[in-house]
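Close look at the chain arrangement
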Amino acid sequence: MKYCSTRGKIQDLSFSEAVMMGLASDGGLLLPQKIPQISRQQLKALSKMNYVDLAYEIISLYATDLPAADLRSLVNRSYASFDHSDITPVVKKGDIYILELFHGPTLAFKDVALQFLGNLFEYYLVRDNKKLNIIGATSGDTGSAAIAGVRGKKNINIFILFPFGRVSSVQEMQMTTVADANVFNIAIDGTFDDAQAIVKEIFSDQAFKQAHALGSINSINWVRVLAQIVYYFYAYFRVNEQTGCEEVQFSVPTGNFGDIFAGYLAGKMGLPTRRFILATNANNILSRFVNGGDYSLADVHHSLSPSMDIQVASNFERYLYYLYDGDTAAVVAAMERFKKTGKLIFSAEQLTHIQKDFVAASINDQQTLDQISTFSKQTGYLLDPHTAVGVRAVDEVGDDVPHICLATAHPAKFPETIDKAVTDKLPPVEAIEKLSSMRRRCERMTADLQKIKSYIAEKSL
Ligand SMILES: *Cc1c(COP(=O)(O)O)cnc(C)c1O
């Protein structure tokens, strides 16, 4: 399997080159040059596998230059950190199937990909005798999942900047209680935007970047999409077993278009799915795109599902590549136009194509709270606010087939919102309880670019 960029200037990369490149060096995103097709026969064989075996099979179709025994061991280790033997269990609540993606170390779906990516980075860095210093800014979920992915790994240090006092207490504990010597938390005095601006500045200094082998964590690494393809297959098989239905529909709460794009690829590989339900909160650029062919920037609203408070969806360009039928010049032109005008408009013909792939709904905060509350009354099950957006979207735009909604976080990560929606107390969660007595480690710094750069220079590998 070879990889190419959506912008056409990079081609024929191996899997390992694609993993280590992250963002394509022509500014585009990396994609497999062909999508492997799974026959009915193969589907049948895959349907009997446990999660880890299934992950191995799916990933091996794409990671063709990785020795089989090494991939086995990487996959085994990546999912050993999950607290459920099914890794991503599917539970039926009311009429809907909930795909629980929150059984990893930080209780959110990003663990599914970042546990694997951390192991893969270490594997290639050790093999090639290289070092990597990961720098990132976070408003919460990504930072904690990235730290959990690379803690204690050889040849990697990680530096995470977050705004002091402005990430949730659970998220802060998940980051700062990690005792491994390769983890550096930097709490800056300022906002998330200040933290992100500093990281951007650091990366724009090419000499500094080279000298300290800097790399980033973000949702654009191909491996993050790849690892997420697996659970669409896994969930389909569980629901197919229970209902005998040949076709299902997934509802995906999304912001960066990453998770839903993985589902779209699973469909392209041959998984029998109806068009995907794309569920956004009030930050609705993606649902406007699906419903009206209008992909235009608006201000970011702070919502009750903060991990989806995103306007520019970083994985969107990957879908554009398929929408334009692999025409990389058209992708480049569209991305340039978007950069200049903050807006893309699609033709009626393109809209028909888009609406064959997706149907969308935008769910506001009040609807989110109502959904958590009614669902809890009807089923006794607590939805986290992101999952609630996805479940609500099924009510609004779902088809007449079994529905699987992706549960992207554990409700205990958002206790304030759960308290607003229901009167019952959240049951204590051991993984969180045990953090509160642990020692915290964090460097508090002013939002001063030079000071932060010297700190990184001093502590980097
Ligand atoms: C990151 C995140 C999302 C959005 O993920 P996408 O890849 O943009 O679809 C949704 N829910 C939670 C809890 C998240 O952490």
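See the structure printed just above.
Notes on the structure follow. (Residues numbered from 1 in each chain as written. Predicted model: local features only at pLDDT ≥ 70, side-chain atom pairs only at ≥ 80, totals over all residues. Heavy atoms only, no water.)

Some details on the overall build of the protein chain
So the rule is basically this: Note on conventions: DSSP H or I runs of at least 4 residues are helices, E runs of at least 2 residues are strands, and numbering of each starts at the N terminus. Only the C-alpha atoms count toward the radius of gyration. The rule for a globule is 2.2 Å times the residue count to the power 0.38. Only protein chains enter the calculation, and the probe is 1.4 Å; a residue is then buried if its accessible area is under 20% of its type maximum, exposed if over 50%, and partly exposed in between. Two residues form a contact once any of their heavy atoms are found within 4.5 Å. Here the accessible surface of atoms and residues is derived via Shrake-Rupley with a 1.4 Å probe, and residues count as covered only by protein chains that are part of the display. Residues scored as charged are limited to Lys and Arg (positive) and Asp and Glu (negative), so that His and the chain ends carry no count. Charged groups are reduced to one reference atom each: NZ for lysine, CZ for arginine, CG for aspartic acid, CD for glutamic acid.
Assigned secondary structure in the protein chain consists of 20 helices and 15 strands. Against the 2.2 N^0.38 benchmark of 23 Å for 461 residues, the protein chain shows a C-alpha radius of gyration of 21 Å, consistent with a compact globule. Buried positions account for 58% of the 461 residues belonging to the protein chain. The contacts of the protein chain with a sequence gap of at least 6 include a subset with a gap of at least 24, amounting to 75%. Per element, the accessible surface of the protein chain, about 18700 Å² overall, is 48% carbon and sulfur. Positive and negative side-chain charges of the protein chain, numbering 46 and 50 respectively, have mean locations separated by a distance of 3 Å.

Overview of the pattern of salt bridges
Under the convention used in this document: Note on definitions: salt bridges are taken to be side-chain nitrogens of Lys or Arg within 4 Å of carboxyl oxygens of Asp or Glu.
Taken as a whole and judged by the stated rule, the model has 17 salt bridges. A salt bridge links Arg 72 to Asp 53; the shortest N-O distance between them is 3.0 Å. Note that Arg 72 is positioned in helix α4 (residues 68-79) and Asp 53 in helix α3 (residues 51-62), a separation of 19 residues in sequence. A salt bridge links Arg 274 to Glu 247, with the shortest nitrogen-to-oxygen separation between them at 2.8 Å. With Arg 274 in the loop between α11 (258-269) and β10 (276-280) and Glu 247 in the loop between α10 (222-243) and β9 (249-253), this pair connects stretches of sequence that are 27 residues apart.

A word on the layout of surface pockets
To keep it simple, the criterion reads: Using only the protein atoms, space was sampled on a 1 Å grid; points where a 1.4 Å probe fits but cannot get out form cavities, open sets with protein on both sides within 12 Å along at least five of seven lines form pockets, and lining residues are those with an atom within 4 Å of a point. Grid points are joined across faces, edges and corners, and a volume is the space filled by probe spheres set on the points. For this scheme, ten residues count as nonpolar: Ala, Val, Leu, Ile, Met, Phe, Trp, Tyr, Cys and Pro. Four count as charged, namely Asp, Glu, Lys and Arg, and the remainder, Gly too, count as polar.
The space that makes up the second largest pocket amounts to roughly 370 Å³. Lining the second largest pocket we find 19 residues, and of these Pro 105, Thr 106, Arg 151, Lys 434 and Leu 435 sit closest to its centre. Of the residues that constitute the lining of the second largest pocket, the class distribution is nine nonpolar, seven polar and three charged.

What about the site of the ligand?
Stated formally: We define proximity as follows: a residue is near a molecule or strand when any one of its heavy atoms falls within 4 Å of that partner. Distance and chemistry together define a polar contact, namely a pair of N or O atoms within 3.5 Å, with one atom able to donate a hydrogen and the other to accept it when in protein, and with adjacent residues in sequence counting only for side-chain atoms on both sides.
Close contacts around the ligand come from 15 residues, with Lys 110, Asp 141, Thr 254, Asn 256 and Thr 408 the closest. In this structure, Gly 258 approaches the ligand through a main-chain N or O atom, which is 3.4 Å from an oxygen atom. Between Ser 307 and the ligand, the recorded distance is 3.5 Å, taken from a side-chain N or O atom to an oxygen atom. Its free accessible area being 390 Å², the ligand has 96% of it covered by the protein chains. For the shell around the ligand, the per-class residue count stands at five nonpolar, seven polar and three charged.

A look at the packing of aromatic side chains
Where we set the bar: Aromatic rings from Phe, Tyr and Trp, with only the six-membered ring used for Trp, were paired whenever their centres fell within 6.5 Å, and each pair was classed as stacked if the ring planes differed by under 30 degrees, edge-to-face if by over 60, and tilted otherwise. The rule is short: NZ of Lys or CZ of Arg within 6 Å of the ring centre and within 35 degrees of the ring normal puts a charge over the ring.
For the structure shown, the criterion picks out 33 aromatic pairs. Ring plane angle 70 degrees and centroid distance 5.1 Å describe the contact between Phe 289 and Phe 346, whose orientation is recorded as edge-to-face. Within this pair, whereas Phe 289 is found in helix α12 (residues 285-292), its partner Phe 346 is found in the loop between β12 (343-345) and α15 (348-357), the two being separated by 57 residues in sequence. One exposure class covers both Phe 289 and Phe 346, and it is buried. An aromatic cluster of three or more residues is present, and its members are Phe 257, Phe 261, Tyr 264, Phe 289, Tyr 295, Phe 316, Tyr 319, Tyr 321, Tyr 322, Phe 338, Phe 346 and Phe 358. Here Arg 238 stacks its cationic end above the ring of Tyr 234, 4.6 Å away from the centre of that ring. The cationic tip of Arg 444 hangs over the ring face of Phe 164; the distance from NZ or CZ to the ring centre is 3.6 Å.

Thoughts on unusual backbone geometry
Even without being glycine, Asp 12 reaches a positive phi, approximately 60 degrees. As for its placement among the helices and strands, Asp 12 is situated in the loop between β1 (3-5) and α1 (15-21).

Considering the pairing of strand β5 (residues 132-137)
How we decide: For two strands to be treated as a pair, DSSP must find at least two bridges joining them. Here a crossover is taken to be right-handed if, once the strands point away from the viewer, the path from the first strand over the helix to the second is traced clockwise.
By the criterion of burial, β5 is predominantly enclosed, with six of the six residues buried. The alternating pattern of β5 places Leu 132, Ile 134 and Gly 136 and Asn 133, Ile 135 and Ala 137 on opposite faces, both of which are buried. The sheet contact formed by β5 and strand β6 (residues 156-163) spans six bridges and is parallel. The partner of Ile 134 across the bridge, within β6, is Ile 158. Handedness of the crossover is the feature at issue here: the chain leaves β5, passes through helix α6 (residues 141-150), returns alongside β6, and the resulting connection is right-handed.

Observations regarding the side chain of Ser 251
Within the secondary structure, Ser 251 is located in strand β9. By relative accessible area, which is 0% here, Ser 251 ends up buried. In this view, Ser 251 contacts Ile 277, Ala 279, Gly 390, Ala 393, Val 394, Ile 404, Cys 405 and Leu 406; residues no more than four positions away in its chain are not counted.

Side note on empty space enclosed by the protein
Following the criterion strictly, the structure yields one cavity of 30 Å³ or more and no others. Considering only enclosed or pocket space, the largest cavity measures out at about 40 Å³ in volume. Around the largest cavity, the lining residues are Leu 114, Leu 117, Gly 118, Phe 121, Ala 146, Val 150 and Ile 217. Listing elements by their share of the lining of the largest cavity, those giving two or more residues are α5 (110-127) and α6. The greatest single-element share of the lining of the largest cavity, amounting to four residues, is contributed by α5.

Some words on the packing of helix α13 (residues 316-323) against α15
Selection rule: For helices, the fitted line uses only the C-alpha atoms of the stretch in contact; every axis is such a line through C-alpha atoms, and the angle between N-to-C directions lies from 0 to 180 degrees. By definition, turning the near helix anticlockwise from the far helix through less than a right angle yields a left-handed crossing, and turning it clockwise yields a right-handed one.
Contact geometry for α13 and α15: axes closest at 11 Å, N-to-C directions at 120 degrees. Crossing of α13 over α15 shows right-handed handedness. Residue-level contacts link Tyr 319, Tyr 322 and Leu 323 of α13 to Gln 350, His 353, Ile 354 and Asp 357 of α15. Among the residues forming the contact of α13 with α15, the class breakdown is four nonpolar, two polar and one charged.

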